[in-house]
Amino acid sequence: AQALKFVGPVAHTMGVQVNTVVAALGTLSDSGLQASMAGTGLRRIISEIVNPTYKARNILEAAGLTMDKLDIQGKGLVEVLRNIKNANLSVGQSFAIWGDRGTPALQTILGNFEEFERKLS
């Protein structure tokens, strides 16, 4: 409930389904990121994908991640995260984009992507 309080409104605005949010939060929780840390991290991931800074956009585009590949409303959060995973961004690039709040959450989800997908079914 604490995590949903932080990420729920942003996820809802972007059309992310509740089961996807819960699966992501469950994956984070299983790895030790719980409550407000999980919710804040997931909110930061979504926010930076939707509205990247100029620097972030340059890093993403250099990695082959066009805004079309990062369209959460069109592709869904799972597909966007899969695209990010396949781009193999370094941890340094992740910190440059998602900062110290979002990077641990992002790296946890990407590192446990199969578990995340299992939680969706």
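Residues numbered from 1 in each chain as written. Predicted model: local features only at pLDDT ≥ 70, side-chain atom pairs only at ≥ 80, totals over all residues. Heavy atoms only, no water.

Engineer: Looking at this structure, I do not really get helix α3 (residues 35-50). What am I missing?
Structural biologist: Because an α-helix packs 3.6 residues into every turn, residues spaced three or four apart end up facing the same way. When the terminal C-alpha atoms of α3 are compared, their 23 Å separation across 16 residues agrees well with the 22 Å that a helix rising 1.5 Å per residue should span. Of the residues making up α3, those classed as buried are Ala 38, Gly 39, Thr 40, Gly 41, Leu 42, Ile 45, Ile 46, Glu 48 and Ile 49. Buried residues in α3 make contact with α1 (2-13), α2 (18-30), α5 (72-75), α6 (77-87) and α7 (91-111). (Helix = DSSP H or I, 4+ residues; strand = E, 2+ residues; numbered from the N terminus. Expected span 1.5 Å × (residues − 1). Buried < 20%, exposed > 50% of the residue type's maximum accessible area, 1.4 Å probe, protein only. Contact = heavy atoms within 4.5 Å.)

Engineer: Help me out: how do you make sense of a nonpolar patch on the surface in this one?
Structural biologist: On the surface, Leu 4, Val 18 and Val 22 cluster together to form a nonpolar patch covering roughly 260 Å² of accessible area. Within the secondary structure, Val 18 sits in helix α2. Overall, the relative accessible area of 60% leaves Val 18 in the exposed class. (Patch = residues over 30% accessible without salt bridge, like charges linked within 9 Å, V, L, I, M, F, W, Y side chains within 5 Å. Areas by Shrake-Rupley, 256 points an atom, 1.4 Å probe, with all protein chains shown as cover. Salt bridge = Lys/Arg side-chain N within 4 Å of Asp/Glu carboxyl O.)

Engineer: Is there a simple way to explain the pattern of salt bridges in this structure?
Structural biologist: Should their charged atoms come close, side chains of opposite charge can pair. Within the structure shown, the criterion is met by six salt bridges. Close ionic contact of Lys 119 with Asp 30 constitutes a salt bridge, the shortest N to O distance being 2.8 Å. With Lys 119 in helix α8 (residues 113-120) and Asp 30 in helix α2, the pair connects residues that are 89 residues apart, well separated along the chain. Since its relative accessible area comes to 34%, Lys 119 is described here as partly exposed. With a closest N to O distance of 2.2 Å, Arg 82 and Glu 117 form a salt bridge. Taken together, the positions of Arg 82 in helix α6 and Glu 117 in helix α8 put the pair 35 residues apart, joining distant regions of the chain.

Engineer: Even after reading the chapter, I still don't get the environment of Ile 49, so can you show me in this structure?
Structural biologist: With respect to the element layout, Ile 49 can be found in helix α3. Look at Ile 49 and you get buried, because its relative accessible area is 1%. When neighbours within four sequence positions are excluded, Ile 49 is seen to be in contact with Met 67, Leu 70, Ile 72, Val 80, Ile 84 and Trp 98.

Engineer: How should the side chain of Thr 40 be read in this particular structure?
Structural biologist: You can see Thr 40 is positioned in helix α3. Residue Thr 40 is classed as buried on the basis of its relative accessible area, which comes to 13%. With residues near it in sequence (within four places) discarded, Thr 40 still touches Phe 6 and Arg 101.

Engineer: How should unusual backbone geometry be read in this particular structure?
Structural biologist: Excluding glycine, a negative phi dihedral is what most residues carry, and trans is how most peptide bonds are arranged. Backbone geometry at Ala 35 places phi at a positive 50°, although glycine is not the residue there. Here Ala 35 shows up in helix α3. Take Ala 35: its relative accessible area is 39%, and that puts it in the partly exposed class. Look at Asn 88: it is not a glycine, yet its phi comes out positive at around 55°. Within the secondary structure, Asn 88 is located in the loop between α6 and α7. By relative accessible area, which is 64% here, Asn 88 ends up exposed.

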